[in-house]
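Fold and contact review
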Amino acid sequence: KTGSKIIAGASSAFGTAISNGDIVGFAHDYAAGTVNVYLNNVLQGTIRTYSANSIINAGVSNDISASTIVVTANFGQSAMTYTPPTGYVAGLYS
């Protein structure tokens, strides 16, 4: 399956398709109003730009109902696989 994103119900192509064992990272810049996405430490692009200091909701899903998806989230409770991008910290409370 090709990479895609869904924003406000509209799907569009985005980045590289995710495979078993891949690591997806998100770099959220609250002040700038951007969310960048990384796949195995390679920037895929800005998935969303919004008004600075707004509340956003995010989720991870597959779009094939017959498949199982397993997501493990790390908000800083354990060591990160990759070093965060310049200007970002690992987890919520670093």
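Let us look at the structure shown here. (Residues numbered from 1 in each chain as written. Predicted model: local features only at pLDDT ≥ 70, side-chain atom pairs only at ≥ 80, totals over all residues. Heavy atoms only, no water.)

**Regarding the pairing of strand β1 (residues 4-7)**
- For β1 and strand β2 (residues 10-13), the ladder comprises four bridges, and the chain directions are antiparallel. The partner of Ile7 across the bridge, within β2, is Ala10.
- Between β1 and the antiparallel strand that follows it, β2, lie two residues; Ala8 among them carries a positive phi value of about 55°. (Pairing = 2+ DSSP bridges. Helix = DSSP H or I, 4+ residues; strand = E, 2+ residues; numbered from the N terminus.)

**Observations concerning the sheet that holds strand β5 (residues 42-49)**
- Read across the sheet, three strands follow the order β3-β4-β5 without closing on themselves; strand pairing throughout is antiparallel. Where the open sheet ends on each side, the last strands, each with one partner, are β3 (24-29) and β5. If you compare each strand with its neighbour and ignore which way they point, the axes differ by 25° on average.
- Pairing between strand β4 (residues 34-39) and β5: six bridges, direction antiparallel. Each residue of the ladder has a partner; that of Tyr38, found in β5, is Leu43. (Axes fitted to C-alpha atoms, helices over the stretch in contact; angles between N-to-C directions.)

**Topic: unusual backbone geometry**
- We note that Asn40 has phi near 50°; this positive angle belongs to a residue other than glycine.
- Not every positive phi belongs to a glycine, and Asn41 is a case in point at roughly 70°.
- On the secondary structure map, Asn41 appears in the loop between β4 and β5.
- Of the residues examined, Asn41 reaches a relative accessible area of 41% and is grouped as partly exposed. (Buried < 20%, exposed > 50% of the residue type's maximum accessible area, 1.4 Å probe, protein only.)

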